[in-house]
Every structure is written in C-alpha cells, then in structure tokens.
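# Structural characterization, general
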Amino acid sequence: MKLSPKTATLLVLVLLIALSPLLFPSGYYYRVGALIFVNAIAVTGIVILTGYAGQISLGHAGFAGIGAYACALAPVHLGLHPGLAMVLGAVISGLMAFLVGRPILRLKGYYLGVATLGFGILISMVLNNERQLTGGPDGMEVPDLGLRGLLKDAGLDLTNGQFWYWFCGIAVIIGAWLALNLFNSPSGRALRALHGSEVAARTVGVDVTRLKLQAFVISAVYASVSGSLLALQNKFITPDVAGFMHSIEMVTMAVLGGVGSVLGAIFGAAVLTLLPQVLTVFAEYEQMVLGLVMMLVMIFLPQGLLPSILRRFRRGDE
Amino acid sequence: MPELLQFLFSGVTVGAVYALVALGFTIIYNASDVVNFAQGEFVMLGGMITVAAYAAGVPLPLAAVIAIVATAAIGVAMNKLAIEPARGAPVVSLIIITIGASIFIRGGTQLLLGKQIHTFPAFSGDAPIRIMGATILPQSLWVIGGAVVVFIGLWLFFTRTLTGRAVLATSNNRLAAQLVGINTRFVMTLSFALSAGIGALAGVLVTPITLTSYDVGLALALKGFAAAMLGGMGNPKGALVGGLLLGLLESMTAGYLSSQYKDAAAFVVILLVLFFMPQGLFGRKSTERV
Amino acid sequence: MSALLTVEGLGISFGGLKAVDEVGFAVRPGEIVSIIGPNGAGKTTLFNMISGVYLPGRGRVTLNGEDVTGMEPHLLAARGLSRTFQNLQIFQSMTVLENVMAGFHLKERGPVLADLFNLPSSRRRAAEAASGAIELLARVGLDKAAGREAGNLSYGALKRLEIARALALSPRILLLDEPAAGCNAVETEEIDHLIAEVARSGVAILLVEHDMKMVMRISNHVVVLDHGQKIAEGDPAKISRDPAVIAAYLGTEAADAEG
C-alpha cells in the first residue's frame, strides 16, 4: 500500500516527536526539542507563504512579536487567561497582516522584501521604545499558562521541559496537518499556480491579490502562535523576538531545509536550532559557522537540505 | 532657524553616508540583479580595519587606504566565492546568501578585532565650525565632500570611460553585452570591488563621528537599502537623492518629533513610497512580457 | 447571431511607439477568427489587452454586451474569457493534472478555512475538479501523463496542456496564441481538429497563428495586422488574394532574407 505524501509526512512527524525523547540523555533536551518546535511552527507558516505562494517576507518576526507580547500584556492589562491571550495575539496578527498585506503584496521580489522588512522593524521599534508598556529592551515577564498545573491535578506530572515538549509537539503536528491540507486543496493549488506563473493564474480566474493576502494572513497567524508559545514557555520575553534577525532566521530555516515541503522546512528548523547547541564549544565561531552554512547550502543545495538528501537516497536505490 | 540649520547639517551628513551605501547597493544590483545585504559590512570593515591598522602604528591616511583596498578585496572574494556560483538562483536564496555573508563577515571581525567600540581621530580636528548659529564638525565636511567626490567620480567613470560604459551596458542587457564582447564576469568583479571600496570609504569618513564596532553594518545596510528603494532601485541618482532624503528625514524626526522613533520615520516613509510609487522616485517601470 | 466579443479602436503605446493602433473586429459564438501578421505586428500585444494583462491606452473591448476594457484577467475569466500563451505559462512544478485542475479554479474555489481543515465540502470541490481535469486530459491526449510534473513534458505536450487548462474554464470565448508553434505536422493536425471541435460546441475562438495553411483551413474570418494596424479583414479566400497582405508578408520575407 502506498501512503499519500500527506499521511507519510504526518506519520514521520508523529514518530519523530513521539520517539525522540527515548534518546534524550537528560531533561535538558526536552527544552531544546520544544525550542525546535516553536521555530517549526513559524517555519510552517513560511512554507505556505514562500513555498506555496512564492512570496517573500523579511518581517514575519513582527507577528511573532505581536503573539509574544499579547501573552505578556493581555493577562496583565485585560485580565485575559494566557491561553486566550495567545488567541487574541493570533487574531491581532491576522488583522494586522490583512491591513498591511493589502498594499504590500502588490510588490514583488526585493520590493516585497523591503516592505515586509520595514513593517517588522517598525513593530520591533515600538516594542523597544514603549518602555512603560513593554519594559523596553530589558523585556518583561509572561504569566504561566497554568495547564501544567491542571495536568498535575489530573494525575499527569510532567517536568516543565516535558510539558512544553509535548505541548509544542502537538502544536507542530496540528500546524503541519493544516498546511498539508492546504497544499492539495483548491486554495493551495491556486497559491502554487500563482507561484508558477502569476499571469496564467490570473487568466484562469485566480484573484491573486486575495489569495496572496490569505497566504500572508495564515502565515502571520503561524508566526504569532510561535511567538506566543516562545513567550509562554520562557515566561519572559524581549523585543528580540520581533527583530530583523529573527525574521531572517525563520526564512533561512525554511529555505535551508527546503521551503517547498513542510517536512523539509521543519528539518531546517531543527538543524538551525541545534547548530548553536552543537557549537557551544566553539561559541566564538558560532556566527561565522552560521553564515557559512547559509551560504554553502544555498550555493550547493539550492533546493534545500532535505530534498537534496532524499534525492541522494533515491539515487542510491536505483 | 539655527535649530533647523543644525538638523539640516546632521541630516546631510548622515544622508551622505546612506547615499554611499545606497550607491553600493545600486552598483551591484545593476551588474548582477543581486541586492547585497552585506553592503553595510563593507562600511563596518572600512572603519574597523582602519582602527586596527592605526592601532598597529600605521599613519592614519595609509591605514585608511589599506582598509579600503582590503575591503574591496573582500568584496571581490565574496563575489567569486558566494555570488558567482549561485548565478540564477531565486531571490530568496540570494537574500540568504548575502545575509549569510554578512553574518560571516561580522562574526569574523568580532573574532579578530573584538567587540569593543572604536574610533580614530578626526581628519581636521574636533573644533566645530559655526555657521549662522549652528555648528558643523569638520569631519562632517569630509563626509559630505567624500560623497560628492565619489558621485562625481563615478558619473565620469560611467559616462567617459570605456570600462564604465561596459558596466552600464551590462546592467542594461547582460546577454547583449556578452554578445558585443564585454567580459561580464569582469564587470561583476569590478562592481563588487567598487561597491565594497565605496562602502569602506564611507566607513573611514564617518567613524570619527559615529564611532564603529563589529555590529554596525546591519543597521547601515537596512538604511542604505531603504534609501536605494526610496530613490528607485538601480539608479545612482536615486541613491543620492534617496540617501539624502532619508538622512534629512531622520534628523528632522529626531529633532522635532522623537529621537527614539527617528529610525521608524525612515521605514514609515519607505512603506508609503512603496505603496504609492512602487518603483521609487526615479525607478523604471517594467512591463511583464508574456 | 450577434457578436460575443467586440473590439473597437483598441490601441496601446510603449515608450511613444504605437504597438497597436485603432484595431477593431468582432467574434461571434462558434466562429473562428484568426489574427495574422508578420512578427512584431502587435498580435500578442492585442491579446494581452483583450485578456486584461495590459491596460489598453485607447479603445473599447465589449464582451457579451458588457464593456470590459482593462478589466482584470480573473474577472474576465469569470465572464467566460480564457486564453493560452505564446511563451508557455505552465505551472512547472505542479503535476499535469494539477495544471488542468487549476483551470477549474472558479468552480472549485471555496472558503480557505474549509480548505485548511480539509472539510468534506473542500474535498468534494477538489474531487469534481479532478474528474473534470481527467476528462479534458483525455481529450487532448495527455491522460497518461496526468501524474507527471508538468515541467518534464515535451513542448508539443505543453501546448496541448495549456489548451486543456484554458478549456477547463468552460469558456465562451477562447484566445489561442500560436497553439501550433513548435509542433510537428501530426500534432498540428490534432490541435487543428481540437479547435474546430471546440468551435462547433459554440465557443468563439480568437486565434493567433503563423501556420498559414492551418489559418486558411479553419478560420471563418481573418484579421491582418502590420505595424500595429489592421491592414485587411475578410474571409480566408479574400485575404489570400489581398495585395496589401501579400506586400506585408513579402516585405518581411525580403527583409528576413537580407538580414
């Protein structure tokens, strides 16, 4: 029996997430895993925007910032439960993407890049400068989600690291499921069509403005949820979450792993999240190695790591 | 009135630096259709290498020349090792490659020259010059003068020399340029050398005013990129006007509105320009061929 | 029968040069109208204006009685106008089947949330598009290639794929830009039959084609462009005898021979 690509991808993800802890030498690795998942969620959004629809964003960290600070601010100022604050953040991000996306998405290539970049930088500037509200560059505390306590009362006692590993792991799977659904759906097909040839997509009736906007909003919500989860698990947040470098990280992870597929992009998120952990011994070289990896992969494996590795395997089969 | 003049002076000084960075973007973009996000690192290298050479006992003018030549060499190396092999790659890949190069250069500089903030003496002293109640540093005049010289020099180069015309021809139509026997690889090498050298010069000129450290490049790249977009990508005149406008805008915002949000002003304007004039002030409008 | 598509005084300039100037004609349902003319006569530019890719500088396009001048392509598609491209515009990294399914976009599109959550309504829409696409692929002889990545197909196959995609819209008028270019004699004849068959089903067809034999064989009406202007119009027999047309073609051939 042959599995559909969607089922196969989900199966691989579930197995990896469920079985990896068996290999963890210490509880610390749950923490690293959770961090990979947080990035994986944002990167899945980039797959929809860049991999499916072919649009570039260099400012998606702005949405992660909105999601993160929603979790920090809404509980304090609106008395909202942190979980609901995450939803509020996602709604605000989606609305923001809708408003900004309308004019921005008419642009193409580098122009779109610089417009999204400008948007992201504006968000991070507000977070840095509105000290009374956000604590400025020093950051601010984020209240506890409270779910771990509930689980404990219900008889499931997880360490903080374990809890966030499983919580974010499930979020990754849901995120991947949605993205994979979209891929083969009418909307996903239209997105990929406008990526392939915008003029042809328009002549078959695709309202490209509307579809690009939908992809932009969806990917913004992914970034927002990713930011929220980061804030909630760290219980602390700084404006770096919305910074230019974080935007670049998202795009790099996706493209490095292979932006055309959900699995590839998540693989990229894992590699780039693990890189600094592996390089702690050479902390001084971290930046140089990161820069080098970015250049080498793009030059020699332009399709991204995972597709290139898979092709190597397939060639081995023949 | 002296207040306005004061903001004007600082705006033009910063604007001249942005214009030089934007010019660097423009030269490389024209030769290769690549937007080089490592452009700001060239400015950083210009300042930092001068600092290092000066600290090692080299006289300042010689240190500056060394910095410019070394940076130009790094630009050429970047083209040969990272850009040429990726010819024809999609825009996203090229963005990641040049950002990778920028992170690499930044990391390397941090490793070799440290994280401290550096400077070296201004070329003509630190005594401010008074003009109608406002003051300007002699070094600012160096920056503005340097920018003027570079722009005039390049204009002469592009219009009066055979090599310059070859560069222009390549930017208009690479294939046609190859057909008439122009060595387009050489044109790209030259463009990276020029662009890196100009960036480094900007770094040398501005360091006594703004100081420098390994991590100043990114912000400069973003501003320079914004200035280039504002003026219209690929147009040297646009780079000059865009850079100056951006500098003035920043200093006026800082002076009259909020110094915290001076950077925001730049990006708000960029967004507005892109919304209403997607091709920038002097950009060409392109028609898609189907 | 009244005209489905009417073009009146249509014109556009690029950098001061009049690429198309004062062109007008009409197409009725079931009729095949061909636009011919030497290279650079403005045929594709004319197509681009009619299909909304370019904004016309002057003139009027009327579709089924409605003024659609400069209307966006996706709105024209919803009104029954469909086209193919001279320089192929295939969705390269999608499968052959998906390319044609994209042509069903107007029928299969639905709320994006339904698509994200893979709701039954979304699956049903996709399934309908898929079965429609398979039928069309069979009609152009590409059903065996349905699962292949479109980018791997031969040129002739891609031409037919574009026609299938354009037919997926169930158009009332179909604009075909050199459908037989680069095809061998057998393929040309297949396309020839396909076009005639589509026209018989009541679809109006506007054709740009260099293969004169094909044009003369299947057209009801021919419009000749040269240097952006209409120099002649009429049935194929009349056009083939028209001195201005012969001069335009001979002129370019002579120029080609010299160049």
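Only a predicted model underlies this, so the values are computations on that prediction, with no experimental measurement involved.

Time to look at the overall build of chain C. For chain C, the count of helices and strands is 11 helices and 10 strands. In terms of overall dimensions, chain C has a C-alpha envelope of 60 × 40 × 40 Å along the principal axes. Looking at chain C as a whole, 56% of its 259 residues are labelled buried. Of all intrachain contacts in chain C linking residues separated by at least 6 positions in sequence, the fraction that spans at least 24 positions is 68%. Just so you have it, chain C exposes about 10900 Å², and 53% of that area is on carbon and sulfur atoms. Computed over 25 positive and 31 negative side-chain charges, the inter-centroid distance for chain C is 5 Å.

On to empty space enclosed by the protein. Residues and elements named next belong to chain B. For the coordinates displayed, the defined rule picks out 4 cavities of 30 Å³ or more. Here the largest cavity is characterised by a volume of approximately 50 Å³. The wall of the largest cavity is formed by Leu23, Ile27, Asn30, Phe158, Val167, Leu168, Ser171 and Pro236. Those elements giving two or more residues to the lining of the largest cavity turn out to be helix H1 (2-32) and helix H6 (162-172). Looking at the lining of the largest cavity, its residues break down into 6 nonpolar, 2 polar and no charged.

A word on the pattern of salt bridges. Evaluated as defined, the whole model comprises 25 salt bridges over all chains. Arg192(A) is the salt-bridge partner of Glu98(C), the closest N and O atoms lying 2.9 Å from each other. Taken as a pair, Glu98(C) in helix H3 (residues 96-103) and Arg192(A) in helix H9 (residues 186-196) lie in two separate chains rather than in one. A salt bridge links Arg165(C) to Glu162(C); its shortest N-O distance comes to 3.5 Å. Within this pair, Arg165(C) and its partner Glu162(C) are both found in helix H7 (residues 155-167), separated by 3 residues, close to a single helical turn. An identical accessibility class is assigned to Arg165(C) and Glu162(C); each is buried. One salt-bridge network, held together by shared partners, links Lys223(B), Glu250(B), Lys262(B) and Asp263(B).

Moving on, we come to the interface of chain B and chain A. Contacts between the two partners involve 43 residues from chain B and, on the opposite side, 39 residues from chain A. Both faces considered, chain B and chain A share a buried interface measuring about 3900 Å² in area, 81% of it formed by carbon and sulfur atoms. It is Ile96(B), Phe104(B) and Phe275(B) that lose the most area in chain B upon contact with chain A, and together they represent 15% of the buried surface on that side. Where chain B touches chain A, the interface holds 3 residue pairs in polar contact (both at pLDDT 80 or more).

On to the side chain of Asn99(C), then. Residues and elements named next belong to chain C. Locating asparagine 99 in the fold gives a position in helix H3. Note on asparagine 99: relative accessible area 0%, which makes it buried. Filtering out sequence-adjacent residues up to four positions away, asparagine 99 remains in contact with Ile90, Phe91, Met94, Ala150, Leu161 and Arg165.

Attention now goes to the side chain of Ser32(B). Residue and element names in this part refer to chain B. By secondary structure assignment, the location of serine 32 is in helix H1. One polar contact links the side chain of serine 32 to the main-chain carbonyl oxygen of isoleucine 28, over a distance of 2.8 Å. Excluding residues that lie within four positions of it along the chain, serine 32 makes contacts with Arg87, Arg174, Met188 and Phe192.

Applying the stated rule across the entire model yields 21 aromatic pairs over all chains. Where Phe63(A) meets Phe216(A), the ring centres are 5.8 Å apart and the plane angle is 80°; that geometry is what we call edge-to-face. Placement of the pair is Phe63(A) in helix H3 (residues 61-77) and Phe216(A) in helix H11 (residues 208-234), with a sequence separation of 153 residues. Here Phe63(A) and Phe216(A) have matching classes, each one buried. Relative to Tyr29(B), the ring of Tyr110(A) has its centre 6.3 Å away and its plane inclined at 80°; by these criteria the two rings are edge-to-face. Remark: Tyr29(B) occurs in helix H1 and Tyr110(A) occurs in helix H5 (residues 109-129); the pair is interchain, linking two chains. Pair check on accessibility: Tyr110(A) and Tyr29(B) agree, each one buried. When the ring centre of Phe183(A) is taken as reference, the NZ or CZ atom of Arg192(A) above it lies at 3.8 Å.

Confidence in the prediction of chain C, expressed as mean pLDDT, is 91, and 96% of residues score 70 or more. In this model, residues 254-259 of chain C is a region of pLDDT below 50 whose contacts with residues beyond four sequence positions or in other chains number 0 contacts.

As a further point, take the interface of chain A and chain C. Counting residues at the interface gives 27 residues for chain A and 32 residues for chain C. Counting each side, the surface lost to burial between chain A and chain C is near 2500 Å², with a carbon and sulfur contribution of 64%. On the chain A side of the contact with chain C, Arg189(A), Thr203(A) and Val204(A) bury the most area, a combined 25% of that side's loss. Our count for the contact surface shared by chain A and chain C stands at 3 salt bridges. One salt bridge in this structure joins Glu72(C) and Arg202(A), with 3.4 Å as the shortest N-O distance. For the pair chain A and chain C, the interface holds 7 residue pairs in polar contact (both at pLDDT 80 or more).

A full pass over the atoms with the stated rule returns 0 disulfides over all chains. No disulfide involves Cys168(A); its nearest neighbouring cysteine sulfur is the one of Cys71(A), lying 11 Å away.

All names here are of chain B. The backbone phi angle of aspartate 33 is positive, close to 60°, even though this residue is not glycine. Topologically, aspartate 33 is positioned in the loop between H1 and helix H2 (39-55). Even without glycine at this site, leucine 211 takes up a positive phi of about 65°. Within the secondary structure layout, leucine 211 lies in the loop between helix H8 (184-210) and helix H9 (217-231).

Residue and element names in this part refer to chain C. Taken together, the 6 strands give an open sheet; going across it, the order is E6-E7-E8-E3-E9-E10, and neighbouring strands pair in mixed fashion. Strand pairing shows two members of the sheet lacking a second neighbour, strand E6 (81-83) and strand E10 (229-234), which therefore form its edges. On average, adjacent strands in this sheet sit at an angle of 20° to one another, irrespective of strand direction. With 5 bridges joining them, strand E9 (residues 221-226) and E10 adopt antiparallel strand pairing. Residue leucine 225 lies in a different strand from E10, and its bridge partner there is lysine 230. Of the strands in this sheet, E6 and strand E7 (173-177) are in contact with H7, which crosses E7 at around 165°.

Residues and elements named next belong to chain B. In this model, helix H5 (residues 138-160) (23 residues) spans 32 Å end to end at C-alpha, consistent with the 33 Å of a helix rising 1.5 Å per residue. Among the residues of H5, those classed as buried are Pro138, Gln139, Ser140, Val143, Gly146, Ala147, Val150, Phe151, Leu154 and Phe158. Residues of H5 that are buried sit in contact with H1, strand E1 (129-131), strand E2 (134-136), H6, H8 and helix H10 (236-257).

On to the packing of H1(B) against H8(B). All names here are of chain B. Two numbers describe how H1 lies on H8: the axes approach to 8 Å, and their chain directions differ by 170°. Put simply, H1 runs roughly antiparallel to H8. On the side of H1, the interface is formed by Thr13, Val17, Leu20, Leu23, Gly24, Ile27, Ile28, Ala31 and Ser32, while H8 contributes Val187, Met188, Ser191, Phe192, Ser195, Ile198, Ala202, Val206 and Ile209. Partitioned by chemical class, the residues of the contact of H1 with H8 number 13 nonpolar, 5 polar and no charged.

Below, the discussion takes up the nonpolar core. Grouped together as the largest cluster of nonpolar side chains are 233 residues, with contacts concentrated most on Ile237(A), Phe25(C), Leu46(C), Ile50(C) and Leu206(C). The element contributing the most residues to this core is helix H2 (residues 28-52) of chain A, with 15 residues. Residues lining this core come from more than one domain, with at least three contributed by each of domain 1 (1-80 + 171-259) and domain 2 (90-169) of chain C. Apart from the residues within four sequence positions on either side, Leu206(C) is in contact with Leu5(C), Phe25(C), Val27(C), Val33(C), Ile35(C), Phe47(C), Ile50(C), Leu174(C), Leu175(C) and Leu176(C). By size, the runner-up hydrophobic cluster in this structure holds 40 residues, among which are Val96(C), Leu97(C), Ala157(C) and Ile195(C).

About the cut-offs
Residues numbered from 1 in each chain as written. Chains lettered and ligands numbered in written order. Predicted model: local features only at pLDDT ≥ 70, side-chain atom pairs only at ≥ 80, totals over all residues. Heavy atoms only, no water. Helix = DSSP H or I, 4+ residues; strand = E, 2+ residues; numbered from the N terminus. Buried < 20%, exposed > 50% of the residue type's maximum accessible area, 1.4 Å probe, protein only. Contact = heavy atoms within 4.5 Å. Areas by Shrake-Rupley, 256 points an atom, 1.4 Å probe, with all protein chains shown as cover. Lys, Arg positive; Asp, Glu negative; His and termini not counted. Charge placed at Lys NZ, Arg CZ, Asp CG, Glu CD. 1 Å grid on protein atoms, 1.4 Å probe; cavity = no way out; pocket = protein on both sides within 12 Å on 5 of 7 lines; lining within 4 Å. Points joined across faces, edges and corners; volume = space filled by probe spheres on them. Nonpolar A, V, L, I, M, F, W, Y, C, P; charged D, E, K, R; others polar. Salt bridge = Lys/Arg side-chain N within 4 Å of Asp/Glu carboxyl O. Buried area = accessible area lost by both parts, 1.4 Å probe. Polar contact = N/O pair within 3.5 Å; in protein donor to acceptor, adjacent residues only side chain to side chain. Phe/Tyr/Trp six-rings, centres within 6.5 Å; stacked < 30°, edge-to-face > 60°. Lys NZ or Arg CZ within 6 Å of the ring centre and 35° of its normal. pLDDT = per-residue confidence, 0-100. Disulfide = S-S within 2.5 Å. Pairing = 2+ DSSP bridges. Axes fitted to C-alpha atoms, helices over the stretch in contact; angles between N-to-C directions. Expected span 1.5 Å × (residues − 1). Parallel < 35°, antiparallel > 145°, perpendicular 65-115°, else oblique. Core = buried A, V, L, I, M, F, W, Y, C linked by side-chain atoms within 4.5 Å. Domains from an automatic or database assignment.

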